[in-house]
Amino acid sequence: MNKVAKLADQARAFRRGLRSRWVLPAMILSLAIPAASGSTGKVLSVRLVPREVKLWGAGAAQQVLVLGRFADGLERDVTEQSKFSISDSTRAKVRQAGEVVAVADGQATLTAEVEGAKARADVRVAGSEQTRPFSFAREVGGILTKRGCNSDDCHGSVKGKGGFKLSANALYPKEDYEWIVEGGTYQVLAAGSEGGRTPRINLEDPEKSLLLAKPTMQVAHGGGPLIAVGSGDYETILNWIRQGAPYGEEDAAGAVRVERIEVLPKSVVLDGNGKQQLLVTAYLSNGQQEDVSGQVLYASNNPEVVAVSESGLVKAVQTGETAVMIRAAGHAVSAGFGVISEPIADYPEIPRRNYIDDYVFAKLKKFNIIPSESASDEEFLRRVCLDVTGTLPPPERVLEFLNDPNPDKRDKLIDILLASPEYIDYWTFRFADLYRVAMAPQGDLKYTKMYWEWVRDMIARNVPYDEIARRRIAAQGYDGPSRHYYHIGGELPAPGNMMSEQLRVFLGRRLDCAQCHNHPYEKWSQDQYWGLAAFFGRVSRIGQLGQDMLIIDDPAGHGEFGQGAKVIHPRTKQEMEPTFLDGRVLAEDQRTDPRMGLAQWVTAQAYFDEAIVNRMWGLFFSRGIVDPVDDFRLTNPPTHPELLDTLARDFRENGHDLKYLIRLITQSRTYQLSSTPNRTNKNDKINYSHSMARPLDPEVLLDAVSQVTGVYEDFDNWMYSKEPPGTRAINLPWPDAVPSQFMDVYGRPNRLMVPERSVKANLGQALHLLAGPTYTSKLAAAGSRIDRLVKSGASNGEIIDEFYLAALVRLPTAAERAALEEAISAFGDRREALQDLAWALMATREFAFNH
């Protein structure tokens, strides 16, 4: 083995040592929870859920829960062990299982007692003699939802099943009513029924209705038995058919409707033997509420963590975290569950810096996870410089920061970075990536540069983000953001495609699935999709390819989609008017500039604030509070919903200031936690208990290699792109127009669609690391850092220190320095030895990742 190979081996050994200092452990397989040993101890206190019991209507009832606090810090469901009493039995009565039943209008007090601990709740009874009118949407739609008949793998799928189509989760009860009462087969691209129409009910002989015969297996049914003959659900449907199958009160003025549902408890931690009953409450349009816990469908997102019964009783299975989804007719919510193996008796007090820490650390304590220690100054410095400026700090600034005794130096550094030119460079790159600024989408270098310069100007002036969004959505004329609507060849994208991208970028919602049919998993309808698409029906270009093209909203339209400015619903073949998601149609006097009306509506939504704070959070923590960051949906709930709400509200109240948000995040102790895990948080991937290692994006990594070697990339290598010397990869206005094998193998997106960056290791990266010119040529180049240091007469120790500071933002340990000095001295060619040292440092994950 030659000396170079030996040194490479030694360098790799040092690399392994470096990695062991910070790299997160590999994922450990989940283990079944051992049975909890011993008693949980005495109940310290109890509380009643809900805190106020509202009973409305004849026979109204409400199940209550008693939650007890124990010495180990856990709250457990102790309803079964509780004794109940009520102050006035003429108003309501209480069963020992904790069910409160209305008797007469009035008020009373409910008391629950467990082991001497008591809790009370007010009981209010109203309308005890009123019988609630029948509603197809609530009664029949509720049964179909509870039994899973309208789930996405049954009749609620895109085309339905067995010729029978229902809306998912009974979101569109009038459509369901038509398919049940009139029959027919749903067509995706036509409004009418395919073939003849056979009703699913039989008014002359109700018991023979297919709606009853199928789920009771009196007629073959692929879904198996779902309803028993004579059961409550069976009798409800049978009586409805006997009464002529009316639609019910939904059509009546002043009808009482369900406005939303809520689940309690919303967040639960269980031990190995834990169980928890869920309560689901419907909030009604008349201000009253109703217990619908027995009328909903429960499903665990991960049955390997918790199992849930048909009645809503959740039981622990093994350690982990998941959500239980609850679906009622037209509504859905979720409850978060964590299962722990062993409660921490003496949980430490963790210092906090702002409200981010309050929310994050409160959940960690609840889940018995202790956060890591605060990051060292070296770790914090490297992390925050890469996150805020995309740039490594130079060695002299590293030493300056490490030697600064000021206790506020981290906050001071954050402000310096936010005011730096590098901040403008980096966040121009970030938003140019999100907004798809590149040669291929814009089709012209001049237009691309105009768009890029607009993004840079917005960042440099710290323009409020809502204003940036309005300008981008409603862009017209010949200015920078209008180039977003100009595509290669001068063609305009379809109105639906333009709309879908805007909502994904600015609201974090993906409506694409609703283009051809109602969304199979979410509440978005095909009508909503095309109503929003209509805002873009008039987008037109004036001019020819190669000329200065204007983008305007022309009342005559561009004529390529529908007729003129018309947007045609593909299923109903009707012209769609610009319609907001809430059903409100854009006023006639605003239709000369319809996209501005949409832009104002978008930026006024809570969705807008949630989407951007979640996207920004994801850039600093490797995952969003909702992840993927632009995929908000019911089955993808946030890990910290209260934190997300507070961040969104705070961002709006502080003028949609991006710098304010970045400062808030980076000043938090949560952001400044070490990447070194402890025994309690080593498997945590979603609760921010320690910093997660994030691979550097290819552009940032290429710039880092150039910075460490002292040799900048030559981007003056394409016939149309002549970038000046020293241009960094993050400063390229048209990155897709500049060939770079390095950035391609490391996952550079082409920006033809909203980028979803995923920098995964591959063979090309390994080969490039071993023999690629990005590393080999730069290390040996004249004028490189190595060349400069050798010519300056620097000692081996000084060179080792400088490369550690430049690449890893820390000094080597005494052992590392001694071993490297010995290896370099023993090597025949000092310059080659130093090149191997630099390569070995850049080959570590400590260099290629931000941690």
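Residues numbered from 1 in each chain as written. Predicted model: local features only at pLDDT ≥ 70, side-chain atom pairs only at ≥ 80, totals over all residues. Heavy atoms only, no water.

Below, the discussion takes up unusual backbone geometry. With an omega dihedral of 0 degrees, the bond running from V49 to P50 counts as a cis peptide bond. In this fold, P50 is placed in the loop between β1 (43-49) and β2 (52-56). In this chain, L264 is followed by P265 through a cis amide linkage whose omega measures -10 degrees. Within the fold, P265 resides in the loop between β11 (258-264) and β12 (267-270). With a phi close to 50 degrees, N462 is a non-glycine residue in the positive phi region. Positionally, N462 belongs in the loop between α12 (445-460) and α13 (465-473). (Helix = DSSP H or I, 4+ residues; strand = E, 2+ residues; numbered from the N terminus.)

Moving on to the confidence of the model for the protein. Averaged over every residue, the pLDDT of the protein is 88; the share at 70 or more is 92%. Note that residues 1-8 has pLDDT below 50 and, in this model, 13 contacts with residues that lie over four places away or in other chains. Overall, residues 10-39 carries pLDDT values under 50, and its contacts beyond four positions in sequence, including any with other chains, amount to 52 contacts. (pLDDT = per-residue confidence, 0-100. Contact = heavy atoms within 4.5 Å.)

The subject of this paragraph is the environment of I201. Position of I201 among the secondary structure elements: in the loop between α3 (173-181) and α4 (210-213). It is 6.1 Å that separates the C-alpha atoms of I201 and V181, two residues lying 20 residues apart in sequence. Setting aside anything within four residues of it in sequence, one finds I201 in contact with I180, V181, S209, L211, W240, I241 and A245.

Taking 1.5 Å of rise per residue, the 12 residues of helix α20 (residues 698-709) would be expected to cover 16 Å, and the 16 Å separating its terminal C-alpha atoms lies within 8% of that figure. Burial in α20 covers these residues: P698, E699, V700, L701, L702, D703, A704, V705, S706, Q707, V708 and T709. Following α20 by one or two positions, G710 adopts a phi angle in the positive range, close to 80 degrees. (Expected span 1.5 Å × (residues − 1). Buried < 20%, exposed > 50% of the residue type's maximum accessible area, 1.4 Å probe, protein only.)

Below, the discussion takes up the packing of aromatic side chains. Scanning the entire structure with this criterion turns up 30 aromatic pairs. When the centroid spacing of 5.9 Å and the interplanar angle of 55 degrees are considered together, the rings of F431 and Y435 count as tilted. Sitting above the plane of the Y435 ring, R472 keeps its charged end 4.8 Å from the centroid. (Phe/Tyr/Trp six-rings, centres within 6.5 Å; stacked < 30°, edge-to-face > 60°. Lys NZ or Arg CZ within 6 Å of the ring centre and 35° of its normal.)

It is worth spelling out α3 at this point. P173, D176, W179 and I180 are the residues of α3 that are buried. Here the buried residues of α3 occupy an arc of 120 degrees about the axis, which is enough to place them on one side. Buried-residue contacts for α3 involve α2 (136-146), α4 and α5 (232-242). Positive phi shows up at G183, right after α3, with a value of about 80 degrees. (Arc of directions from axis to C-beta.)

Relative to the helices and strands, R353 resides in the loop between β20 (331-339) and α6 (355-366). Along the chain, R353 and A255 lie 98 residues apart, while their C-alpha atoms are 50 Å from each other. For R353, the contacting residues outside a window of four places in its chain are D411, Q667, S668, R669 and Q672. Looking at R353, its side chain comes within polar contact range of the side chain of D411, at 2.8 Å. (Polar contact = N/O pair within 3.5 Å; in protein donor to acceptor, adjacent residues only side chain to side chain.)

Side chains of a nonpolar character, in soluble globular proteins, are inclined to be buried together. Counting residues in each nonpolar core, the largest one holds 150 residues, and the members touching the most others are F431, Y435, Y465, L647 and F847. Y435 has contacts with Y451, W454, V455, Y465, I468, R472, H484, V505 and F506, leaving out every residue within four places of it along the chain. (Core = buried A, V, L, I, M, F, W, Y, C linked by side-chain atoms within 4.5 Å.)

Moving on: the packing of helix α10 (residues 421-434) against helix α17 (residues 606-621). Packing of α10 against α17 brings their axes to within 13 Å, and their N-to-C directions diverge by 120 degrees. Judged by the angle between their axes, α10 and α17 are oblique. The hand of the α10/α17 crossing is right-handed. When α10 is examined against α17, the residues W427, R430, F431 and L434 are found in contact with a partner set consisting of I612, R615, M616, L619 and F620. Taken together, the residues of the contact of α10 with α17 break down into 7 nonpolar, no polar and 2 charged. (Axes fitted to C-alpha atoms, helices over the stretch in contact; angles between N-to-C directions. Parallel < 35°, antiparallel > 145°, perpendicular 65-115°, else oblique. Left-handed = near helix turned anticlockwise from the far one by under 90°. Nonpolar A, V, L, I, M, F, W, Y, C, P; charged D, E, K, R; others polar.)

What follows concerns the environment of V705. Looking at the secondary structure, you find V705 in helix α20. Residue V705 is classed as buried on the basis of its relative accessible area of 0%. When the C-alpha atoms of V705 and N286 are compared, they prove to be 65 Å apart, with 419 residues separating the residues in sequence.

Summed over the entire model, instances satisfying the criterion amount to 0 disulfides. Of the cysteine sulfurs around C516, a residue in no disulfide, the closest is that of C513, at 9.2 Å. C516 gets classed as partly exposed once you look at its relative accessible area, which sits at 36%. (Disulfide = S-S within 2.5 Å.)

It is worth spelling out the sheet that holds strand β17 (residues 306-308) at this point. Ordered in space as β13-β18-β17, the 3 strands form an open sheet in which the pairing is antiparallel. Of all the strands in the sheet, just β13 (275-277) and β17 have a single pairing partner and so form its edges. Neighbour-to-neighbour, the strand axes of the sheet open up by a mean angle of 20 degrees, direction not taken into account. Sheet analysis places β17 next to strand β18 (residues 313-316), joined by 3 bridges and oriented antiparallel. (Pairing = 2+ DSSP bridges.)

Let's shift gears to the pairing of strand β9 (residues 106-114). The two faces of the sheet receive side chains in turn, since in a regular strand these alternate between them. Inspection of the sheet shows strand β6 (residues 83-86) paired to β9 by 4 bridges, in the antiparallel sense. Each residue of the ladder has a partner; that of K83, found in β9, is E113. Relative to strand β10 (residues 117-126), β9 is paired through 9 bridges, and the arrangement is antiparallel. Bridged to A108 within β10 is V123.

Take the sheet that holds strand β5 (residues 75-77) next. Reading across from one edge, β1-β4-β5 is the order of the 3 strands in this open sheet, with antiparallel pairing throughout. Every interior strand has two partners, whereas the edge strands, β1 and β5, have only one. Here the strands of the sheet are splayed against their neighbours by 30 degrees on average, with no regard to which way each runs. Relative to strand β4 (residues 65-70), β1 runs antiparallel, the two being bridged by 6 bridges. Paired with V46 across the strands is G68, a residue of β4.

A word on the packing of helix α14 (residues 495-507) against helix α15 (residues 526-533). The angle between the axes and the distance between the axes are what describe a pair of packed helices. Relative to each other, α14 and α15 sit at 100 degrees, their axes nearing to 8 Å. In terms of orientation, α14 lies roughly perpendicular with respect to α15. Contacts between α14 and α15 involve P495, G496, N497, M499, S500 and L503 from the first element and Y529, L532 and A533 from the second. Residue classes in the contact of α14 with α15 are distributed as 6 nonpolar, 3 polar and no charged.

Here we come to the pattern of salt bridges. Close approach of charged atoms allows side chains of opposite charge to pair. Counted according to the given criterion, the structure contains 58 salt bridges. Note that R663 is salt-bridged to D415, the shortest N-O span being 2.8 Å. Of this pair, R663 sits in helix α19 (residues 658-667) while D415 sits in helix α9 (residues 409-418), and the two are 248 residues apart along the sequence. A salt bridge links D630 to R510; the shortest N-O distance between them is 2.6 Å. Of this pair, D630 sits in the loop between α17 and α18 (641-653) while R510 is found in the loop between α14 and α15, placing the two residues 120 residues apart along the sequence. What emerges from the salt-bridge pattern is a single network uniting R430, D433, D697, E699, R751 and R757. (Salt bridge = Lys/Arg side-chain N within 4 Å of Asp/Glu carboxyl O.)

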